[in-house]
Amino acid sequence: MRRATVLSVFLLAAAALAACGKSGSPVAADTASTATSRTTTATEPEIVPRSHHDGCKAVPSPVPSAHPTVALSKRRLSRKRTYVAVLRTNCGTIEIELDVRHAPKTTASFAGLVRRRFYDGLNFHRVSHPEGKDFVIQGGDPELTGNGGPGYSVVERPSKKTRYLEGVVAMAKTPDEARGTSGSQFFIVTARDAKLPPDYAVLGHVVGSTTAVRRIARLTTDPVSEMPVDPVVIKSIRLTSRG
């Protein structure tokens, strides 16, 4: 899908979250957890030194997923347990506590993707800081461009009172999709208040250290695409639970 053009701070808000990706009909079957295959080469990938001293490690540039579509998981998460998604990136670790109580469908879909190792090796393709102000960081696209998704979508409308404050994690969608539609792309709010309409399904919120989020939010980006000049790679996402 075509990426939206940035015209103003408000339109930038819509544009930065518009690329949820290719939404298809939900697939009922649930498959076993397997690692998503990626394109590989016979030689070791080149690691290019980072152009800035930003606290992130130099890593090979990510490659698009060779198998970007998966089936929608039918497995729900227990409301009696607390689930934390641990994202390990070359800029540090981010922990996200999932809002299972208020978003059972959204969190179940995300957890299913995590179990399939869907996110491993993907990137944060967008770091939005309009006029130098914090807004959001966005990732989770198997195409690495902002135009992809898992091949299905779910819809779970958030409360009309929802506010996207700093640390909130929500799912991106295209402008023509219904409120609360989600695929695989997610964003983390870095502004104190992103001042977005309640259109984006809430996944959870960041807990623990925010160092990695702040590092990513400060990265130098392409002024048009908002893609970081140096790659931010999601090495892995794993789900932990307690309770």
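Above this text is the structure in question.
Report on the accompanying structure.

Cut-offs and rules
- Residues numbered from 1 in each chain as written.
- Predicted model: local features only at pLDDT ≥ 70, side-chain atom pairs only at ≥ 80, totals over all residues.
- Heavy atoms only, no water.
- Phe/Tyr/Trp six-rings, centres within 6.5 Å; stacked < 30°, edge-to-face > 60°.
- Helix = DSSP H or I, 4+ residues; strand = E, 2+ residues; numbered from the N terminus.
- Buried < 20%, exposed > 50% of the residue type's maximum accessible area, 1.4 Å probe, protein only.
- 1 Å grid on protein atoms, 1.4 Å probe; cavity = no way out; pocket = protein on both sides within 12 Å on 5 of 7 lines; lining within 4 Å.
- Points joined across faces, edges and corners; volume = space filled by probe spheres on them.
- Nonpolar A, V, L, I, M, F, W, Y, C, P; charged D, E, K, R; others polar.
- Contact = heavy atoms within 4.5 Å.
- Polar contact = N/O pair within 3.5 Å; in protein donor to acceptor, adjacent residues only side chain to side chain.
- Disulfide = S-S within 2.5 Å.
- Pairing = 2+ DSSP bridges.
- Axes fitted to C-alpha atoms, helices over the stretch in contact; angles between N-to-C directions.

**What to know about the packing of aromatic side chains**
Link 1 in the chain: Inspection of every chain in the model, using the stated rule, returns eight aromatic pairs.
Link 2 in the chain: Here F110 and F186 contribute two aromatic rings whose centre-to-centre distance is 6.2 Å and whose plane-to-plane angle is 85°, an arrangement assigned as edge-to-face. Of this pair, F110 sits in helix α2 (residues 104-115) while F186 is found in strand β8 (residues 186-189), placing the two residues 76 residues apart along the sequence.
Link 3 in the chain: Judged by its relative accessible area of 2%, F110 is buried.
Link 4 in the chain: Judged by centre distance (5.7 Å) and plane angle (85°), the ring pair of F187 and Y200 falls under edge-to-face. Of this pair, F187 sits in strand β8 while Y200 sits in the loop between β8 and β9 (202-207), and the two are 13 residues apart along the sequence.
Link 5 in the chain: A relative accessible area of 0% means that F187 is categorised as buried.
Link 6 in the chain: On the basis of relative accessibility, which here comes to 6%, the residue Y200 falls in the buried class.
Link 7 in the chain: Taken together, the ring pairs in this structure connect F110, F118, Y119, F124 and F186 into an aromatic cluster.

**Focus on unusual backbone geometry**
Negative phi characterises most residues that are not glycine, and trans characterises most peptide bonds.
Link 1 in the chain: Look at L144: it is not a glycine, yet its phi comes out positive at around 70°.
Link 2 in the chain: Mapped onto the secondary structure, L144 falls in the loop between β4 (136-139) and β5 (154-155).
Link 3 in the chain: L144 gets classed as buried once you look at its relative accessible area, which sits at 9%.
Link 4 in the chain: The phi torsion at K195 lies on the positive side, around 55°, for a residue other than glycine.

**A look at the layout of surface pockets**
Link 1 in the chain: Computed from the structure, the second largest pocket encloses a volume of approximately 230 Å³.
Link 2 in the chain: Each residue belonging to the lining of the second largest pocket can be placed in one class, and the counts come to six nonpolar, four polar and four charged.

**What to know about the environment of K57**
Link 1 in the chain: Relative to the helices and strands, K57 is located in the loop between α1 (9-16) and β1 (82-89).
Link 2 in the chain: Classification of K57 by relative accessible area gives exposed; the value is 56%.
Link 3 in the chain: Those residues in contact with K57 that lie beyond four places of it in its chain are R50 and N90.

**Brief notes about the side chain of D120**
Link 1 in the chain: As for its position among the elements, D120 is in the loop between α2 and β3 (124-128).
Link 2 in the chain: For D120, the side chain forms a polar contact with the main-chain nitrogen of I237, separated by 3.2 Å.

**Considering the state of the cysteines**
Link 1 in the chain: Overall, the coordinates contain one disulfide when judged by the stated rule.
Link 2 in the chain: Disulfide pairing is shown between C56 and C91; the S-S distance is 2.0 Å. Because the sign of the S-S torsion sets the handedness, a value of about 110° for the bond joining C56 and C91 places this disulfide among the right-handed ones. Here C56, found in the loop between α1 and β1, pairs with C91, found in the loop between β1 and β2 (92-98); they are 35 residues apart in sequence, far enough to count as distant.
Link 3 in the chain: Its relative accessible area of 11% is what places C56 among the buried residues.

**Some words on the sheet that holds strand β10 (residues 234-242)**
Link 1 in the chain: Read from one edge of the open sheet, eight strands run β3-β4-β8-β6-β9-β2-β1-β10, paired in antiparallel fashion. Of all the strands in the sheet, just β3 and β10 have a single pairing partner and so form its edges. Pairwise comparison of adjacent strand axes, ignoring direction, gives a mean angle of 25° for this sheet.
Link 2 in the chain: Relative to β2, β1 runs antiparallel, the two being bridged by six bridges. Of the residues in β2, the one forming a bridge with R88 is T93.
Link 3 in the chain: The sheet strands contacting α2 are β1, β2, β6 (168-171), β8, β9 and β10, and the helix crosses β10 at an angle near 125°.

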